[in-house]
Amino acid sequence: MRTPIMAGNWKMNKNPEETQAFLDGVKGKLPEASKVETVIAAPAIDLTTLVAGAQGTPLKTAAENCYFENEGAFTGETSPKALKEMGLDYVVIGHSERRGYFHETDEDINKKAKAILANGLLPIICCGESLEQREAGQTNDWIAYQVAGALVGLSADDVKKSVIAYEPIWAIGTGKTASADQAQAVVAHVRATVKKLYDAETADAVRILYGGSVKPANVKELMAKEDIDGGLVGGASMDPESFIALANYQD
Ligand SMILES: O=C[C@H](O)COP(=O)(O)O
């Protein structure tokens, strides 16, 4: 049985004060982590506030990015070792915004995944196709390519602990959600890809999220799908009431 995950990704939104206001807003209203794991990925400047506020609550914490080295002359980068020492749980890597705007490659993402796992954190590895790729019938090949690239050299045990998020680029922040059937089809393909690269046990264990305009109104339908283990939510994760509704989608 895979524990569902409802993960918010705030992107470049909220300052520490707004982070605290969110934490105050969700306090006591999130499910136990054994029922639905809740995670917030916040900008680096908010992580101290986020980790402190999440202590003693079911909420888990994530950075939105990190570098693949632990220390050194890498101006502006964030160390995975330091994130672990701060008390973070997860790091999001390979988001389409990082791939697109900041030229993050599959090789970078793979190095980051290894560094994250080596430091005792867990990666949330994003993949997703553009509208052009979907319309050209290239979705499955592209997703398999991105997943294989991210996982190069990772052990089956590391993959079982990791999280993969399928986020079609055309559905991010557009209000255009993939239908539950479309999302299920690609998430099942991600699982089949993991099975091909590893084995059935690893494919059964890895948690795979869907992201792209997930909101309280569509979360139930998406979560009812066999292979979808959770959501990676942008816009609808920013407001406490909306995040509470997403996290408690089973009620
Ligand atoms: O990481 C989250 C995704 O980019 C989805 O964003 P969205 O829920 O605002 O469409």
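Definitions and limits used
Residues numbered from 1 in each chain as written. Predicted model: local features only at pLDDT ≥ 70, side-chain atom pairs only at ≥ 80, totals over all residues. Heavy atoms only, no water. Near = heavy atom within 4 Å. Polar contact = N/O pair within 3.5 Å; in protein donor to acceptor, adjacent residues only side chain to side chain. Areas by Shrake-Rupley, 256 points an atom, 1.4 Å probe, with all protein chains shown as cover. Nonpolar A, V, L, I, M, F, W, Y, C, P; charged D, E, K, R; others polar. pLDDT = per-residue confidence, 0-100. UniProt positions renumbered as here; feature names shortened; annotations may be inferred. Helix = DSSP H or I, 4+ residues; strand = E, 2+ residues; numbered from the N terminus. Buried < 20%, exposed > 50% of the residue type's maximum accessible area, 1.4 Å probe, protein only. Contact = heavy atoms within 4.5 Å.

With respect to spatial proximity, 13 residues lie near the ligand, and among them Lys11, His95, Gly173, Ser213 and Gly234 are the closest. Glu167 is positioned such that a nitrogen or oxygen atom in its side chain is 3.1 Å from an oxygen atom of the ligand. A distance of 2.7 Å separates an oxygen atom of the ligand from a polar backbone atom of Gly173. Compared with its free state, where it exposes 310 Å², the ligand has 94% of that area covered by protein. Looking at the shell around the ligand residue by residue, the classes come out as four nonpolar, seven polar and two charged.

This paragraph deals with the confidence of the model for the protein. Here the protein shows a mean pLDDT of 97. Residues at 70 or above account for 100%. The ipTM value of the predicted complex is 0.98, and its pTM value is 0.97.

Those residues carrying the UniProt feature "active site" (unreviewed entry) are His95 and Glu167 in this numbering. Maximum C-alpha separation among the annotated residues is 8.3 Å over a sequence range of 73 residues, consistent with a single clustered spot. Secondary-structure assignment places His95 in the loop between β4 (90-93) and α4 (96-101). By relative accessible area, which is 4% here, His95 ends up buried. Those residues in contact with His95, other than ones at most four positions away along the chain, are Asn9, Lys11, Cys126, Glu167 and Ile172. A distance of 3.0 Å separates the side chain of His95 from the backbone nitrogen of Glu97, its partner in a polar contact. Locating Glu167 in the fold gives a position in the loop between β6 (163-166) and α9 (180-197). Ignoring anything within four residues of it in the chain, the contact list for Glu167 reads His95, Cys126, Cys127, Gly128, Glu129, Ile172, Gly211, Gly212 and Leu232.

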